[in-house]
2 protein chains.
Amino acid sequence: MQTKITLNESDIPTQWYNIIPDLPEPPPPVLHPGTHQPVGPDDLAPLFPMALILQEVSQESYVDIPGEVLDVYKMWRPTPMFRAHRLEKALDTPARIYYKYEGVSPAGSHKPNTAVPQAFYNSQEGVKKLTTETGAGQWGSALALACALFGLECEVWQVAASFDLKPYRKIMMETWGATVHSSPSDLTSAGRAILEADPDSPGSLGIAISEAIEVAAQDPDIRYSLGSVLNHVLMHQTVIGEEALKQMALIDEQPDLLVGCTGGGSNFGGLSFPFLREKMAGNMDPTVRCVEPAACPSLTKGEYRYDFGDTAGMAPMVKMHTLGHDFVPEPIHAGGLRYHGMSPLVSHIYELGLVEAEAIHQVECFEAGVLFARTEGILPAPEPTHAIAAAIREANRCKESGEEKVILTALCGHGHFDLASYGAYLAGELVDYDYPDEAVAAAMERVPVVAD
Amino acid sequence: MQTKITLNESDIPTQWYNIIPDLPEPPPPVLHPGTHQPVGPDDLAPLFPMALILQEVSQESYVDIPGEVLDVYKMWRPTPMFRAHRLEKALDTPARIYYKYEGVSPAGSHKPNTAVPQAFYNSQEGVKKLTTETGAGQWGSALALACALFGLECEVWQVAASFDLKPYRKIMMETWGATVHSSPSDLTSAGRAILEADPDSPGSLGIAISEAIEVAAQDPDIRYSLGSVLNHVLMHQTVIGEEALKQMALIDEQPDLLVGCTGGGSNFGGLSFPFLREKMAGNMDPTVRCVEPAACPSLTKGEYRYDFGDTAGMAPMVKMHTLGHDFVPEPIHAGGLRYHGMSPLVSHIYELGLVEAEAIHQVECFEAGVLFARTEGILPAPEPTHAIAAAIREANRCKESGEEKVILTALCGHGHFDLASYGAYLAGELVDYDYPDEAVAAAMERVPVVAD
C-alpha cells in the first residue's frame, strides 16, 4: 500500500507553464495607477528586473527554468505526494485523498519556488538588494533564503503586529542574513506619515508594501519582490502541478477534484494550472476548486473590477475580484489569506468558468488541521487547513454517496510557526467572523471607477 | 551535478540492525539499582513491553520491522541525503560533504524512528498509555505523534524551565493529543518532594524521568518510554545508516569520515552502526567520530564505569561514560546533548576503539549552523550543529592538505523551535562554558562503586 509517491531529481520540471496562451480569452491589461492607461515594460522597470517583466506579459506557453534555479530547486524538489490513508480511514470515506507537500522546502512553504528565480534574475541584472513586505513571515523567509543563495542583500518590512508577536520568523530571516524592519518604520516617507498620525500603528500589509516599493524605486541597485498575485509568480509555482501530474500518472490515478487555498493565488495556481491545461486539452476533467477564508472571501463575495494591488494606491491597477484596496480583513490566523484581492489571473479563470470557489470559517479549518495532524502526522499551516477542510467536506459527501472520488490538494506549508494559533484553537478561544458586508461596501465605495 | 540522493519507498529497510553480535566483546550487563546484580526481563516488565525488553538483550543481528511500523515510516522515509555543494564552495574545500537529513519527519527530528515502534509494540501488548519525560520537547513531540497514530494516550513531563519558556513544543504535543505537565508536578510523590523543598524548582530531566517512571510503574495499563540511550532505541535508529549506505552506493561513494553528534547516542548510533558493520567486515574503512558539547563531554572527559541512568538513582545502573548521575550541565542551547552519561553501547564501542570523539564549544557550533543555513538552506537544530562544526573542521583540514575526503554527517533535525537560540547567537549573547571539572569531580564522588 503506497503512501509516498516519490520522483527523482531528473523529474524536476525544466520549464514553467504559462497558462495565458491556452486560455479562450486573454486576461485584461494592467493599468497605470495615475493615468489608468495600460502599463508597458518601462513603467515597471524601476521595480522589477526586465526578465521578470517579460515573463509577466509572456505569450509563450513554456519558459525554460535556468540551470542555476534548477540547482537550487534540487535542495528540496521534487516534493513528495502522499496518499492520506490514515485520514481516509478516520473519515471512513471511499474517496482517495492525495496531497502534494511543499513544506519540505527550507522555508517550510511553497514560497521559495518563486523567491529563488526572482533572486536569480535580479542578481543576473546586477541588482544588489531586494526589498519586500511580509506579514506572518512566510514570504519574507523565502526571499531571505533565496537572497542568501544568490549573494543579494534582503530588506524586509514586517507588519508591526507580527514583528512584535512572532519574533521567531524574524530571527529565521536574520539567520539567512536579511535585515528586518517593523512596519510602519521611520525609514520611509510612507512609514513616517503613518507614524505621525498614529505612533502605535500596528501596521498592515498595504503599508509594508508601500515602504518596500518606496525604497526600491529610489535606488537603481534595489528592486522590489512580490510573493504572489502576479502572473510570473503563479507561473513559477507551476512546478508543483507539473510534478503532481507525473506523480498521479505514476500510480495511474486521475483527480476528480483539485482543491487549493487562495490568498494571493500562487499556491492554487501552481497546483492547478498544469491540470487545467490537461482539462482544456480534453485529457482529464477534474473539478477545480478555490477555498478562501469566510472572513476575506474575495472570489465568492468580491466584485470583479479594476482596483489597486496595495492599500495606498501606489501599485498598478489590475482587474481582479476585490473587497476594496483599503478593506482590512479580520485578524484570522491564516495571515497568508488576508489579502483584499485575488490574483488577476485566478480571477480571470474564475470568470471564464474554469474553476469554482467556496469560503470556509476558520474554526472548521483548524478542526480539520488537528484531525490531519493526528492522522497524517504533518501539522499544517493555517492557510492549507482551508484546503484540507474542503477536502474533508468532499470526502464526507463521498461517504454519503458512495463515490470513490480522487481528491488532490496542495499542502503548501507546515505550521511550525503557527502553534500559538493551534494553542488558541485547542483552548477554545478561536472565533469565526461574519462576512463583513458593511466594511466591504464602504471599501468598495473608495475604489475609483475605471472604464474597461 | 546531483544534490539530493533519493530512494524509493521500496528502499526503506525492512530490518533493524543489531550491532551487538558483531562486536568483538559483548557489552557489560545492566545492573539492578538496589542489588547491583544483573537485571532480567522480569525486572524491566513494569516499565517496558516484553517485545522491547527482548530487543534490548537480543543476540540476533537483524530484527524484522513490523509492517505496521513500516507503514508509518513511509510517511517520511526514506529520508533524503544531500551533497553539500554550496557549503563546500563556501569553504573552498576539496572535501565532498554529504548529510543525511532526518528533519523531514513530522516531528522534525530522527526521534520518531524509535517512537513509532515503541508505541506499536506497547499497543500490541494492550498498553493504554505511555509516559515519558522531555526537555526542549523533541522526544515528547515524537512520542505524542506516535501515540496518536496507534491510539495510545500519551502523558509527558516537560522540564519546567522549558515548559514555561518554550510553549510551542507543548502546543505541538497537545495538537497530537498528548497531555503535558510541567515537571516537577504535584501528580507524583517524586514531584511533590521536590516542590516541597523548592516550590519554584525549574526542574531537570532527571526529575522528569522519575515522575514518568513513577506513574508508569504503578499501573499495569501504563508503560514508560525512553527516547535514547538504550540498545533497542539505537537499533531502531539504524534505518538511518542502512538508507545512507544505499544512498552512498547509488552514487559510488564511500565515506572516509562519519561524524554524528552524541547526547544519548541514538542519532550517532543510528547513522554509524551499519557503517561500522561494513568496517568490521572489511568492506570499507571510514573514521567514525562522535561530537559532543564541550560543556557536557561524557566521552572525552567522563569516566567509564557503572552509574545510574537518572538523577534520583531509581533507574537501572549501566556501564557507560559518565560525568556523574547528578551532574547538572550548563544551560547550553543544544538541550538534547545535556545528558550526564553516554549510551552504554556507544561507550562500549568507544572503549573497543571502533570510534573516536571530540568536544566542541557552542559558539563555534552556532557559527557553523548559520553558515550551513546560508549555504545549504536548512536551519539545523543546535544538536546537529555540533556535527556540522566537526565536518567543517575536517573540510578545512582537507583544504590545507588537499585531500578529497568524503565526509558524511547526520543532520538529525531542523531548528524551527530553536530560533530564540539563534537570536541569542546573532545578538552576540551566546557564551562558551569552561569544562566543569570541579562540578564533575564532585558528582563522581557520589557515584556508588560497583564491582565489574
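Residues numbered from 1 in each chain as written. Chains lettered and ligands numbered in written order. Predicted model: local features only at pLDDT ≥ 70, side-chain atom pairs only at ≥ 80, totals over all residues. Heavy atoms only, no water.

All names here are of chain A. As enumerated under the stated definition, the model contains 48 salt bridges over all chains in all. The partner of Lys-399 in a salt bridge is Asp-92, and the shortest N-O contact between them spans 3.9 Å. Within this pair, whereas Lys-399 is found in helix α17 (residues 382-401), its partner Asp-92 is found in the loop between α4 (85-91) and β5 (96-101), the two being separated by 307 residues in sequence. Judged by relative accessible area, which is 52%, Asp-92 ranks as exposed. (Salt bridge = Lys/Arg side-chain N within 4 Å of Asp/Glu carboxyl O. Helix = DSSP H or I, 4+ residues; strand = E, 2+ residues; numbered from the N terminus. Buried < 20%, exposed > 50% of the residue type's maximum accessible area, 1.4 Å probe, protein only.)

Bringing the sheet that holds strand β14 (residues 356-360) of chain A into the picture now. Residues and elements named next belong to chain A. The seven strands lie next to each other as β1-β4-β5-β15-β10-β11-β14, forming an open sheet whose pairing is mixed. The open sheet is flanked by β1 (4-5) and β14, the only strands paired with a single partner. Pairing analysis gives six bridges linking β5 to strand β15 (residues 406-411), with the strands arranged parallel. When the sheet's bridge partners are listed, Lys-100 is paired in β15 with Ala-410. (Pairing = 2+ DSSP bridges.)

This part is about the relation of the copies chain B and chain A. The two copies are related by a screw operation: chain B maps onto chain A through 180° of rotation and 0.0 Å of translation along the axis, at an RMSD of 0.0 Å. In short, the pair behaves as if placed about a two-fold rotation axis. A share of 100% of the interface residues of chain B reappears at the interface of chain A, consistent with the copies meeting face to face through the same patch. (Least-squares fit on C-alpha atoms with pLDDT ≥ 70 in both. Contact = heavy atoms within 4.5 Å.)

Among the nonpolar cores identified, the biggest contains 50 residues, and Trp-16 and Tyr-73 of chain B are the most heavily contacted of them. Elements that contribute at least two residues to this core include exactly α16 (362-376) and α18 (419-426) of chain A together with α3 (67-73), α5 (112-124), α6 (138-150), β7 (153-159) and α8 (167-175) of chain B. Sort the elements by how many residues they give to this core and α6 of chain B lands first, with nine residues. Setting aside residues no more than four positions away along its own chain, Tyr-73 of chain B makes contact with Ile-12, Trp-16, Ile-65, Pro-112, Asn-113, Pro-117, His-236 and Val-239 of chain B. The next biggest cluster of nonpolar side chains, apart from the first, holds 49 residues, and it includes Val-63, Leu-70 and Ala-142 of chain A together with Val-370 of chain B. (Core = buried A, V, L, I, M, F, W, Y, C linked by side-chain atoms within 4.5 Å.)

For the rest of this paragraph, the subject is empty space enclosed by the protein. Going through the model one piece at a time under the given rule, you end up with nine cavities of 30 Å³ or more. Estimates place the volume of the largest cavity at around 340 Å³. Among the secondary structure elements, those contributing two or more residues to the lining of the largest cavity are β1 of chain A together with β1 (4-5) of chain B. Classifying every residue of the lining of the largest cavity by side-chain character gives 22 nonpolar, six polar and two charged. (1 Å grid on protein atoms, 1.4 Å probe; cavity = no way out; pocket = protein on both sides within 12 Å on 5 of 7 lines; lining within 4 Å. Points joined across faces, edges and corners; volume = space filled by probe spheres on them. Nonpolar A, V, L, I, M, F, W, Y, C, P; charged D, E, K, R; others polar.)

Contact residues are listed per partner, giving 45 residues for chain B and 45 residues for chain A. There are zero salt bridges connecting chain B and chain A. For the pair chain B and chain A, the number of links is 19 residue pairs in polar contact (both at pLDDT 80 or more). Going through the elements one at a time, α3, α6, α8, α16 (362-376) and α18 (419-426) of chain B are the ones with two or more residues in the side of chain B that touches chain A. The residue makeup of the side of chain B that touches chain A, split by class, is 24 nonpolar, eleven polar and ten charged. (Polar contact = N/O pair within 3.5 Å; in protein donor to acceptor, adjacent residues only side chain to side chain.)

Moving on: the packing of aromatic side chains. All names here are of chain A. If you walk through the whole model with that rule in mind, you get 21 aromatic pairs over all chains. The interplanar angle of 70° and the centroid separation of 4.9 Å between the aromatic rings of Tyr-99 and Phe-372 together place this pair among those described as edge-to-face. Here the residue Tyr-99 occupies a position in strand β5, and Phe-372 occupies one in helix α16, the gap between them amounting to 273 residues. We note Lys-301 situated over the ring of Tyr-435; from NZ or CZ to the ring centre the distance is 4.7 Å. (Phe/Tyr/Trp six-rings, centres within 6.5 Å; stacked < 30°, edge-to-face > 60°. Lys NZ or Arg CZ within 6 Å of the ring centre and 35° of its normal.)

With that out of the way, let us pick up helix α12 (residues 238-250) of chain A. Residue and element names in this part refer to chain A. An ideal rise of 1.5 Å per residue puts 18 Å on 13 residues; α12 measures up with 19 Å between its terminal C-alpha atoms. Judged by how many residues are buried, α12 sits mostly within the fold: ten of 13 residues are covered. Among the residues making up α12, those that are buried are Thr-238, Val-239, Ile-240, Gly-241, Glu-242, Glu-243, Ala-244, Leu-245, Gln-247 and Met-248. (Expected span 1.5 Å × (residues − 1).)

Glancing now at helix α10 (residues 205-217) of chain A. Residue and element names in this part refer to chain A. End to end, α10 covers 18 Å across 13 residues, agreeing with the expected 18 Å (1.5 Å per residue, within 8%). For α10, the tally of buried residues reaches eleven of 13 residues, placing the bulk of the element in the interior. Within α10, burial applies to Gly-206, Ile-207, Ala-208, Ile-209, Ser-210, Glu-211, Ala-212, Ile-213, Glu-214, Val-215 and Ala-216. Among the structural elements, β6 (129-134), β7 (153-159), β8 (179-183), α9 (189-197) and β9 (222-224) are those in contact with the buried residues of α10. Capping the start of α10, Ser-204 holds a side-chain oxygen 3.1 Å from the backbone nitrogen of Ile-207, two or three residues further along.

Right, let's get into the sheet that holds strand β11 (residues 287-293) of chain B. All names here are of chain B. Overall, mixed pairing links the seven strands, which are arranged β1-β4-β5-β15-β10-β11-β14 in an open sheet. Among the strands making up the open sheet, the edge pair consists of β1 and β14 (356-360). Here strand β4 (residues 81-83) runs beside strand β5 (residues 96-101); their pairing, made up of three bridges, is antiparallel. The partner of Phe-82 across the bridge, within β5, is Tyr-99. Contacts between helix α12 (residues 238-250) and the sheet are confined to β1, β4, β5 and β15 (406-411), with β5 contributing the most and set at about 140° to the helix. Running at roughly 150° to strand β10 (residues 257-261), helix α17 (residues 382-401) makes contact with β5, β10, β11, β14 and β15 of the sheet. (Axes fitted to C-alpha atoms, helices over the stretch in contact; angles between N-to-C directions.)

What follows concerns the packing of helix α13 (residues 266-280) of chain B against helix α15 (residues 344-351) of chain B. Residues and elements named next belong to chain B. Relative to each other, α13 and α15 sit at 45°, their axes nearing to 11 Å. Taken together, the axis directions place α13 and α15 in an arrangement best described as oblique. Crossing hand, α13 versus α15: left-handed. Residues Phe-268, Phe-273 and Leu-276 of α13 form the contact with α15, whose own contacting residues are Leu-345, Val-346 and Ile-349. When the residues that make up the contact of α13 with α15 are grouped by side-chain class, the tally is six nonpolar, no polar and no charged. (Parallel < 35°, antiparallel > 145°, perpendicular 65-115°, else oblique. Left-handed = near helix turned anticlockwise from the far one by under 90°.)

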